[in-house]
Every structure is written in structure tokens, then in C-alpha cells.
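Each chain is listed here by its residues.
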Amino acid sequence: LWYALNIIYNIINKKVINVIPAPISVGSIQFGIGALYATCTWLLRLRKTPSLSASGVKACGTIGVYHAAGQLLTMVSLGAGPVSF
């Protein structure tokens with residue numbers, strides 16, 4: 001299931017980048033929408049707001065930076081050439 005959804009995700013992102021040739025901007029908008037979604041779920045109390053220690057914040061921040069870099073580089077690679085399977 002994950003593999004199939006990943007293929008669909010990459011194809012949709014490639015189509016978006018073909019229309020809007022700005023992969024870093026598209027990836028940043030995706031992050032912004034995700035952050036807005038998470039914030040709304042916490043503010044509306046649909047999910048419990050996480051409480052982290054200082055070391056937990058540091059660990060999540062580090063993981064978040066690497067995840068964001070990987071996502072943005074994926075978007076750049078999708079903009080660099082065709083998606084081949």
C-alpha cells in the first residue's frame with residue numbers, strides 16, 4: 001500500500017511541477033499546509049497537543065530538518081527530469 005501511494009504522490013507532484021516549475025516553492029507550500037493542518041487539529045482539540053521536554057524538542061527539530069531537506073530535494077529531483085518506474 002505504501003509503495004502504491006508513494007508512486008501516486010510522486011506522479012501528482014510531477015504534474016504540479018510541470019504546471020508550476022518552482023519545486024522549492026511547491027514543497028514549501030506543502031509544508032505550510034501540513035503545519036496549518038496540525039495547528040488546527042491542536043487548536044480545535046481534535047488531537048492532544050504534544051508536550052515535549054527540551055531534549056524531545058531538540059530531537060524532533062533535528063528529525064524535522066532532515067525530513068524537510070529530504071522532501072525539498074525530492075521536489076527538486078522531480079523537477080529535474082521525468083519520473084520513471
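Before reading on, note that the structure itself is shown above.
Draft legend 1. Spatial organisation of the overall build of the protein chain. Helix and strand counts for the protein chain come out as three helices and zero strands. Seen in sequence order, the protein chain has helices and strands lined up from the N terminus as α-α-α. What you see for the protein chain is a C-alpha radius of gyration of 16 Å, clearly larger than the 12 Å of a compact globule of 85 residues, by over 25%. Relative to its 85 residues, the protein chain shows a buried fraction of 14%. In the protein chain, 75% of the contacts between residues at least 6 apart in sequence involve partners at least 24 apart. For the protein chain, the exposed area adds up to about 6,700 Å²; of that, 72% sits on carbon and sulfur atoms.

Draft legend 2. Seen up close, the layout of surface pockets. Considered as a void within the structure, the largest pocket measures approximately 240 Å³ in volume. Y9, G27, Q30, F31, G34, A35, A38, T39, W42, H67 and Q71 are the residues that line the largest pocket. If you list the elements that add at least two residues to the lining of the largest pocket, you get helix 2 (23-43) and helix 3 (54-80). Of all the elements, helix 2 adds the most residues to the lining of the largest pocket, at eight residues. The class makeup of the residues in the lining of the largest pocket is five nonpolar, six polar and no charged.

Draft legend 3. A look at the side chain of N10. Examined against the element boundaries, N10 turns out to sit in helix 1 (residues 2-19). On the accessibility criterion, N10 (15% relative accessible area) is buried. Ignoring any residue separated from it by four or fewer positions in sequence, one finds N10 in contact with T74, L78 and V83.

Draft legend 4. Here's a closer look at helix 2. Over its 21 residues, helix 2 extends 30 Å from the first C-alpha to the last, a length consistent with the 30 Å expected when each residue adds 1.5 Å. Those residues of helix 2 hidden inside the fold are in contact with helix 1 and helix 3. Residue R45 follows helix 2 closely and has a positive phi angle near 60°.

Draft legend 5. Quick look at a nonpolar patch on the surface. Together, L1, L5, I8 and I12 give the surface a local cluster of nonpolar side chains, amounting to about 450 Å² of exposed area. Inspection of the secondary structure assignment puts I8 in helix 1. Residue class for I8 comes out partly exposed when judged on its relative accessible area of 46%.

Draft legend 6. Region of the structure containing unusual backbone geometry. Despite not being glycine, R45 shows a phi value in the positive range, around 60°. For R45, a relative accessible area of 73% translates into the label exposed.

How each quantity is defined
Residues take numbers from 1 onward in each chain, read along the sequence in its written order. Given that this is a predicted model, residues contribute local features only at a pLDDT of at least 70 and side-chain atom pairs are listed and counted only at 80 or more, while totals for whole chains, interfaces and linings are drawn from all residues. As a convention, hydrogens and water are excluded, and side-chain values are obtained from all of the structure's heavy atoms. The way it works is that DSSP assigns letters per residue, a run of H or I at least four long becomes a helix, a run of E at least two long becomes a strand, and they are numbered from the N terminus. Radius of gyration here is computed from C-alpha atoms only, and the compact-globule reference equals 2.2 Å multiplied by the residue count raised to the power 0.38. Note on classification: 1.4 Å probe, protein chains only; a residue is buried when its accessible area is under 20% of the maximum for its type, exposed when over 50%, partly exposed between these limits. When checking whether two residues touch, look at their non-hydrogen atoms; a contact exists if any pair is within 4.5 Å. Method for areas: the Shrake-Rupley scheme with a 1.4 Å probe, in which residue coverage is limited to the protein chains shown. The way it works is a 1 Å grid over only the protein atoms, where trapped points that fit a 1.4 Å probe form a cavity and open points with protein on both sides within 12 Å along at least five of seven lines form a pocket, and then any residue with an atom within 4 Å of a point lines it. Grid points are joined across faces, edges and corners, and a volume is the space filled by probe spheres set on the points. Residues are sorted three ways: Asp, Glu, Lys and Arg are charged, Ala, Val, Leu, Ile, Met, Phe, Trp, Tyr, Cys and Pro are nonpolar, and all the rest, Gly among them, are polar. Here the expected span of a helix is defined as 1.5 Å times the quantity of residues minus one. Only residues whose relative accessible area exceeds 30% and that take part in no salt bridge are eligible for patches, with like-charged residues grouped when within 9 Å of each other and nonpolar side chains (Val, Leu, Ile, Met, Phe, Trp, Tyr) grouped when within 5 Å. Here, a salt bridge means any side-chain nitrogen of Lys or Arg that lies within 4 Å of a carboxyl oxygen of Asp or Glu.

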